[in-house]
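Observations on the model geometry
Residue strings, one per chain:
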Amino acid sequence: MLLFFILGLFVHFVFFGSIFDIYFTSPLVHGMTPQFTPLPPPAKRLVLFVADGLRADTLYELDENGNSRAPFIRNIIMHEGSWGLSHTRVPTESRPGHVALIAGFYEDVSAVAKGWKENPVEFDSLINESKYTWSWGSPDILTMFAKGAYGDHVFTYTYGADSEDFGAHDVTKLDTWVFDKVKEFFHAARNNQSLFSKLNEEKIVFFLHLLGIDTNGHAHRPSSREYKDNIKLVDAGIKEMVSILEHFYGNDGKTAFIFTSDHGMTDWGSHGAGHPSETLTPFVTWGAGIKYPQKVSAQKFDDAFLKEWRLESWKRQDIHQADIAPLMASLIGVPFPLNSVGILPVDYLNNTDLFKAESMFTNAIQILQQFTVKMTQKKEVTLPFLFIPFKLLPESKQLNIVRKARSYIKQRKYDEAVSLCKELIHLALKGLSYYHTYDRFFLAINVVLGFLGWTSYASLLIIKSHFNLTRGVNKEVKKPSHLLSCSCIAIGVFVAFFLLLQGCPWTYYIYCLLPVPIWYAVLREFQVIQDFVTLLLTVPPSYFVGYLLVFILGIEILVLSFFYRYMLTAGLLAFAGWPFITQLWTRAKSISLSWIFFSLLLAVFPLMPVVGRKPDIFLVMGAGLLVLLLSLCVLTSLIKRKDSFINEELLLHLFQMLSVVLSMCVMYSTHSSLRKKQGLPLLNQIISWLILAFSLVLPLLSPTSLFERLFSILLSLMSTYILLSTGYEALFPLVLSCLMFVWIQVEQETLQQRGISCKQKVTSVRFTCSTDITQFRQLCLDDVRRAFFLVFFLVTAFFGTGNIASVNSFDLASVYCFLTVFSPFMMGALMMWKILIPFVLVMCAFEAVQLTTQLSSKSLFLMVLVISDIMALHFFFLVKDYGSWLDIGTSISHYVIVMSMTIVLVFLNGLAHLLMTKKLRLCGKPKSHLI
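Residues numbered from 1 in each chain as written. Predicted model: local features only at pLDDT ≥ 70, side-chain atom pairs only at ≥ 80, totals over all residues. Heavy atoms only, no water.

Per an unreviewed UniProt entry, the recorded name for the protein is GPI ethanolamine phosphate transferase 1, and the organism is Acinonyx jubatus. Listed under Subcellular location (unreviewed entry) in UniProt, the entry text for the protein is "Endoplasmic reticulum membrane". A UniProt comment under Pathway (unreviewed entry) is attached to the protein, and it reads "Glycolipid biosynthesis; glycosylphosphatidylinositol-anchor biosynthesis." (UniProt positions renumbered as here; feature names shortened; annotations may be inferred.)

This is how it looks when you write it as structure tokens:
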């Protein structure tokens with residue numbers, strides 16, 4: 001059993017990791033030479049303002065009085081520069097956003113493992129290519145680019161990480177700190193000859209990272225007065241910075257300015273996914289080399305933004321976020337970042353046609369170099385007769401386009417040269433994508449083979465253990481033939497040799513060789529397969545087809561629930577009607593009514609808005625009061641039922657009720673304190689962490705009787721969940737737990753109806769650490785339903801209050817009782833525990849179902865594994881790398897969630913077993929766990 005679980009974990013870790021090799025590998029290549037425009041640049045210096053978390057609509061729109069929140073920026077749009085929208089990509093986080101802005105490429109998602117801080121891969125950037133760069137702002141962003149730069153030409157000035165406090169009285173100090181430091185810097189430069197000379201060099205960059213808007217958005221939402229006032233402060237600060245710079249350089253007209261954002265923010269104060277409020281950011285540029293405002297009579301855009309913002313008369317030019325890096329490089333004459341995939345937006349440039357054409361040609365050569373290096377790398381590790389080149393851009397076509405573009409420039413046909421260069425760039429980018437995904441189909445085939453083999457093997461184990469297939473015919477077990485063994489060994493050797501010849505990474509060996517032993521194990525059971533097929537042929541076709549259709553429908557509902565939460569409601573409504581089509585309604589009406597009531601109550605949650613979008617502290621308080629009321633009822637019932645209620649047990653119940661009261665008080669106090677901008681009280685923080693620490697220990701002190709242990713687990717976990725709640729979701733674990741307890745009773749009742757005797761009532765069942773395997777029975781068709789119920793409840797636990805496949809479903813306000821200073825890993829861990837709490841409640845109930853129905857945990861777990869793997873295979877085929885970035889990110893995250901659920905299921909099964917069976921004692925003699 002242990003060996004099987006270890007093997008299963010290994011296989012699922014491989015399947016889980018495969019998605020990163022297939023879809024998440026780094027797109028970067030190395031070995032290119034720097035490319036820069038061979039003409040004098042229009043600017044000597046560049047100033048980059050990045051307002052972290054700034055939405056485009058909130059900046060551009062007018063307030064209720066018809067005035068702009070950013071009058072200086074609006075004046076630039078109308079009188080001095082050019083503007084538009086910058087379209088970002090998923091994940092809309094600070095690190096990948098800044099990498100796209102400054103390095104010109106869209107970072108792969110593997111960077112999330114570094115908390116978007118450290119460099120997971122080496123890359124070139126504008127800062128690296130500059131002569132000198134001075135930057136001010138957040139330590140999370142500035143140190144990233146300073147660390148990746150060579151030499152000592154990058155200077156960073158950052159505040160402490162503890163300044164990024166969402167509960168601070170005034171987080172605009174993050175921005176005023178930057179503006180104050182810049183003023184001090186230029187004032188000091190007048191008295192520092194060395195610094196003064198550096199500041200008068202060419203090809204220098206000033207980078208001002210402004211985090212206040214993002215922090216206010218998380219803490220108060222983008223619709224808040226704090227967020228909008230912060231925009232006014234940033235606008236005034238930029239106006240002052242521009243004035244200081246112009247004065248310092250004597251209005252020499254050689255400074256270019258860019259103002260933008262790394263990402264936007266949803267209405268509920270989060271970001272990370274692909275909602276337009278997250279992907280649409282402002283882009284305003286002015287100064288040396290930038291076109292002045294262009295008045296137009298009409299503009300062709302599908303949206304209604306221009307009319308809403310009253311900017312219909314000023315030409316809007318939208319760009320992709322990665323296009324900003326080549327624009328900045330062109331303005332100050334530094335080499336384009338080597339890994340940039342941005343396309344120079346020449347329409348922003350106020351320069352000669354020759355300069356535009358030469359800059360575009362440089363851009364094309366820089367991207368073509370990446371394509372050439374990528375193609376060469378792939379060609380070197382592929383057998384010649386198997387290599388399939390990118391047909392749209394053969395070497396002859398590359399040379400032809402380059403020669404033709406150069407000829408157009410010499411002939412002064414600049415528009416034709418620019419158009420040809422853009423064509424070459426688009427082809428090279430397609431080619432880059434082609435070679436980046438070159439092995440995708442090959443790897444996917446092997447992973448699918450592994451999936452099918454493992455699912456088949458798990459199914460065979462269930463069939464072999466619980467069906468007497470041979471029925472006395474020939475019970476002699478046939479040994480597997482030597483031919484099968486030799487064939488599998490030969491296939492394995494051939495695959496390994498093939499991969500060795502191609503110089504494939506070590507992970508390829510795992511993906512390609514893993515299916516061989518799995519399918520060997522499946523084919524060894526050929527006799528079982530043959531006997532099972534024979535058995536199926538005896539089943540009436542209508543029965544078989546009917547059960548198969550019901551099973552397929554159930555799987556499809558589970559899959560669809562990942563995309564549409566209301567499918568969970570449909571499933572729960574079906575669950576509510578289930579007693580009517582069985583004998584349960586006639587034999588146990590009270591249990592049936594409870595099942596129907598709680599199924600319908602739970603069905604409401606998937607119809608509610610995603611958690612965090614409409615916070616309501618009073619609903620959290622209401623959930624706490626309901627838990628206390630339920631606790632009093634249970635406590636009264638236990639005192640009446642027991643002849644002598646042990647003082648230790650009574651004290652434990654009272655202590656757990658006290659922890660719920662404390663959670664409510666801390667939640668209310670913290671909410672009030674943050675609303676008054678007084679920060680997170682230290683006492684509240686200490687109590688919150690103590691409640692979290694004790695929540696997994698206190699249930700182990702309770703009696704091991706089923707009812708008391710389950711209720712003790714609910715009380716402990718609810719005290720933590722209340723601290724992590726912001727609204728109606730605080731009621732979710734309570735309703736889910738009530739349904740779980742009814743489920744345990746329902747399953748025992750259905751077992752009795754089928755003639756299988758149950759030795760104990762649910763209320764008298766006790767959990768033991770040792771298991772009597774003689775009590776286990778063989779599987780029946782109803783057990784498949786039980787396994788499906790478990791998977792459905794697990795999916796409901798995941799998606800009942802929000803779609804966690806979308807990063808922006810997470811609300812940072814959930815963790816404010818524990819910490820308010822930005823810490824991605826700690827905050828992520830707390831929010832993950834919040835997600836897992838309903839999961840743990842379901843698994844504890846499942847542990848009880850296994851015990852009351854006298855079924856082997858291995859058998860039920862195998863069925864759950866088969867159902868989960870079928871779902872995972874669905875999502876593997878649904879993963880896409882085309883369409884909107886929201887669709888791409890969601891499709892990948894769905895697969896990751898299902899695979900994670902399967903892996904975590906093993907660990908949570910162990911945790912549930914520990915919580916249900918282990919009994920700690922503080923003092924006195926040990927108590928017996930047996931009846």
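Continuing now.
Concerning the overall build of the protein
Secondary structure assignment for the protein yields 34 helices and 8 strands. When the 931 residues of the protein are sorted by exposure, 56% land in the buried category. Across the protein, every contact between residues at least 6 apart in sequence was considered, and the portion connecting residues at least 24 apart equals 80%. Of the roughly 40,100 Å² of accessible surface on the protein, 63% is carried by carbon and sulfur atoms. (Helix = DSSP H or I, 4+ residues; strand = E, 2+ residues; numbered from the N terminus. Buried < 20%, exposed > 50% of the residue type's maximum accessible area, 1.4 Å probe, protein only. Contact = heavy atoms within 4.5 Å. Areas by Shrake-Rupley, 256 points an atom, 1.4 Å probe, with all protein chains shown as cover.)

Some words on empty space enclosed by the protein
Scanning all chains against the criterion turns up 5 cavities of 30 Å³ or more. Roughly 50 Å³ of internal volume is contained in the second largest cavity. Contributing elements (two or more residues each) for the lining of the second largest cavity: helix 1 (2–23), helix 33 (857–878) and helix 34 (885–917). With 5 residues, the top contributor of residues to the lining of the second largest cavity is helix 1. (1 Å grid on protein atoms, 1.4 Å probe; cavity = no way out; pocket = protein on both sides within 12 Å on 5 of 7 lines; lining within 4 Å. Points joined across faces, edges and corners; volume = space filled by probe spheres on them.)

Focus on the nonpolar core
In this structure, Trp 595, Trp 743, Phe 793, Met 871 and Tyr 895 are the most contacted members of the largest nonpolar core, which totals 162 residues. With 17 residues, the single largest contributor to this core is helix 32 (residues 824–852). Residues from two domains meet in this core; each of domain 3 (440–538) and domain 4 (541–771 + 782–917) gives at least three. The contact partners of Phe 793, leaving out residues within four places of it in the chain, are Leu 572, Phe 575, Trp 595, Leu 739, Met 740, Trp 743 and Val 842. Counting residues in each nonpolar core, the second largest holds 68 residues, with Ile 102, Ala 288, Leu 424 and Tyr 438 among its members. (Core = buried A, V, L, I, M, F, W, Y, C linked by side-chain atoms within 4.5 Å. Domains from an automatic or database assignment.)

Let's talk about the environment of Tyr 566
Within the secondary structure layout, Tyr 566 lies in helix 23 (residues 566–577). For Tyr 566, a relative accessible area of 47% puts it in the partly exposed group. Each C-alpha atom of the pair Tyr 566 and Pro 606 lies 5.7 Å from the other, and the pair is 40 residues apart in sequence.

Concerning the side chain of Lys 356
Within the element layout of this structure, Lys 356 appears in helix 14 (residues 353–380). Buried charge Lys 356 goes without a salt bridge, the closest partner of opposite sign being Asp 353 at 4.4 Å. With sequence-adjacent residues up to four places away left out, Lys 356 is seen in contact with Lys 291, Val 346, Leu 349, Asn 351 and Val 418. (Lys, Arg positive; Asp, Glu negative; His and termini not counted. Salt bridge = Lys/Arg side-chain N within 4 Å of Asp/Glu carboxyl O.)

Describing the pairing of strand 3 (residues 132–137)
Most of strand 3 sits out of view: 6 of its 6 residues are buried. The alternating pattern of strand 3 places Tyr 132, Trp 134 and Trp 136 and Thr 133, Ser 135 and Gly 137 on opposite faces, both of which are buried. The pairing of strand 3 with strand 5 (residues 204–210) spans 5 bridges and is classified as parallel. Its bridge partner lying in strand 5, Thr 133 is registered against Val 205. (Pairing = 2+ DSSP bridges.)

Remarks on the packing of aromatic side chains
For the coordinates displayed, the defined rule picks out 64 aromatic pairs. Considering the side-chain rings of Tyr 434 and Tyr 438, the 5.8 Å spacing of their centres and the 85° angle between planes classify their relative orientation as edge-to-face. For Tyr 438, a relative accessible area of 18% corresponds to the buried category. Taking 5.9 Å as the distance between ring centres and 10° as the angle between the ring planes, the aromatic pair formed by Trp 595 and Phe 789 counts as stacked. With Trp 595 in helix 25 (residues 589–603) and Phe 789 in helix 31 (residues 781–799), this pair connects stretches of sequence that are 194 residues apart. (Phe/Tyr/Trp six-rings, centres within 6.5 Å; stacked < 30°, edge-to-face > 60°.)

Some thoughts on a nonpolar patch on the surface
A contiguous nonpolar surface patch, about 980 Å² in accessible area, is contributed by Val 539, Tyr 543, Phe 544, Val 545, Tyr 547, Leu 548, Leu 549, Phe 551, Ile 552, Leu 781 and Val 784. The set of elements that each furnish at least two residues to the nonpolar patch consists of helix 22 (541–561) and helix 31. (Patch = residues over 30% accessible without salt bridge, like charges linked within 9 Å, V, L, I, M, F, W, Y side chains within 5 Å.)

A closer look at the sheet that holds strand 5
To summarise the sheet geometry, strands pair through backbone hydrogen bonds and adopt either a parallel or an antiparallel arrangement. Read across the open sheet, the 8 strands follow the order 4-3-5-1-6-7-2-8; overall the sheet is mixed. Where the open sheet ends on each side, the last strands, each with one partner, are strand 4 (154–158) and strand 8 (319–320). The pairing of strand 2 (residues 81–87) with strand 8 spans 2 bridges and is parallel. The partner of His 87 across the bridge, within strand 8, is His 320. Contacts between helix 10 (residues 225–248) and the sheet are confined to strand 1 (45–51), strand 5, strand 6 (255–260) and strand 7 (280–287), with strand 6 contributing the most and set at about 170° to the helix. (Axes fitted to C-alpha atoms, helices over the stretch in contact; angles between N-to-C directions.)

Some remarks on the pattern of salt bridges
The tally for this structure, following the rule as stated, stands at 19 salt bridges. Of the charged contacts, one joins Asp 318 and Arg 316 as a salt bridge, the two residues approaching to 2.8 Å between their closest N and O atoms. The salt bridge partner of Arg 786 is Asp 783, with a shortest N-O separation of 2.6 Å. Of the two residues, Arg 786 and Asp 783 are both situated in helix 31; the distance of 3 residues between them amounts to about one turn of the helix. The same class applies to Arg 786 and to Asp 783, which are both buried. What you see here is one network of salt bridges that share partners, running through Glu 747, Asp 783, Arg 785 and Arg 786.

Some thoughts on helix 14
Taking 1.5 Å per residue as the helical rise, helix 14 with its 28 residues ought to reach 40 Å, and the 40 Å between its terminal C-alpha atoms agrees with that figure. Most of helix 14 is tucked away, with 21 of its 28 residues classed as buried. (Expected span 1.5 Å × (residues − 1).)

Focus: the state of the cysteines
Counting across every chain of the model gives 0 disulfides. For Cys 486, which is in no disulfide, the shortest distance to another cysteine sulfur is to Cys 488 and amounts to 9.5 Å. (Disulfide = S-S within 2.5 Å.)

Description of the side chain of Thr 569
With respect to the helices and strands, Thr 569 occurs in helix 23. On the accessibility criterion, Thr 569 (8% relative accessible area) is buried. Here the side chain of Thr 569 touches Ala 603 through a polar contact of 2.9 Å, landing on its backbone oxygen. Each residue touching Thr 569, except ones within four places of it in the same chain, is listed here: Ala 603, Pro 606 and Leu 607. (Polar contact = N/O pair within 3.5 Å; in protein donor to acceptor, adjacent residues only side chain to side chain.)

Remarks on the environment of Ser 592
Its place among the elements puts Ser 592 in helix 25. Overall, Ser 592 belongs to the buried group, its relative accessible area being 0%. In sequence terms Ser 592 and Val 746 are 154 residues apart; their C-alpha atoms lie 7.7 Å from each other. In contact with Ser 592, not counting residues within four places along its chain, are Pro 579, Leu 584 and Trp 585. Among the polar contacts listed, one links the side chain of Ser 592 to the backbone oxygen of Leu 584, at a separation of 3.2 Å.

A look at the packing of helix 31 against helix 32
When two helices pack together, you describe them by how their axes are tilted relative to each other and by the distance separating the axes. Closest axis-to-axis distance for the helix 31/helix 32 pair is 8 Å, and the angle between their directions is 160°. One element, helix 31, and the other, helix 32, form an angle in the roughly antiparallel class. Judged by the twist between their axes, the crossing of helix 31 over helix 32 is right-handed. Of helix 32, the residues touching helix 31 (which contributes Arg 786, Leu 790, Phe 793, Leu 794, Ala 797 and Phe 798) are Ile 835, Pro 838, Phe 839, Val 842, Met 843, Phe 846 and Val 849. A per-class count over the contact of helix 31 with helix 32 returns 12 nonpolar, no polar and 1 charged. (Parallel < 35°, antiparallel > 145°, perpendicular 65-115°, else oblique. Left-handed = near helix turned anticlockwise from the far one by under 90°. Nonpolar A, V, L, I, M, F, W, Y, C, P; charged D, E, K, R; others polar.)

Here we look at helix 22
End to end, helix 22 covers 30 Å across 21 residues, agreeing with the expected 30 Å (1.5 Å per residue, within 8%). Buried within helix 22 we find Gly 554, Ile 555, Ile 557, Leu 558, Val 559 and Ser 561.

What about the packing of helix 14 against helix 15 (residues 395–410)?
In contact at an axis separation of 11 Å, helix 14 and helix 15 are set at 165° when each is read in the N-to-C sense. Classified by the angle their axes make, helix 14 and helix 15 are roughly antiparallel. For the pair helix 14 and helix 15, the crossing hand works out as left-handed. Note on element contacts: helix 15 touches helix 14 through Gln 398, Val 402, Ala 405, Arg 406 and Ile 409, opposite Leu 354, Ala 357, Glu 358, Phe 361, Ile 365, Leu 368, Phe 371 and Thr 372. For the contact of helix 14 with helix 15, a count of residues per class yields 9 nonpolar, 2 polar and 2 charged.

Section: the environment of Asn 909
Tracing the backbone through its elements, the reader meets Asn 909 in helix 34. A relative accessible area of 16% means that Asn 909 is categorised as buried. For the pair formed by Asn 909 and Glu 847, sequence separation is 62 residues and the distance between their alpha carbons is 7.8 Å. Aside from chain neighbours lying at most four places away, what touches Asn 909 is Met 843, Glu 847 and Gln 850.

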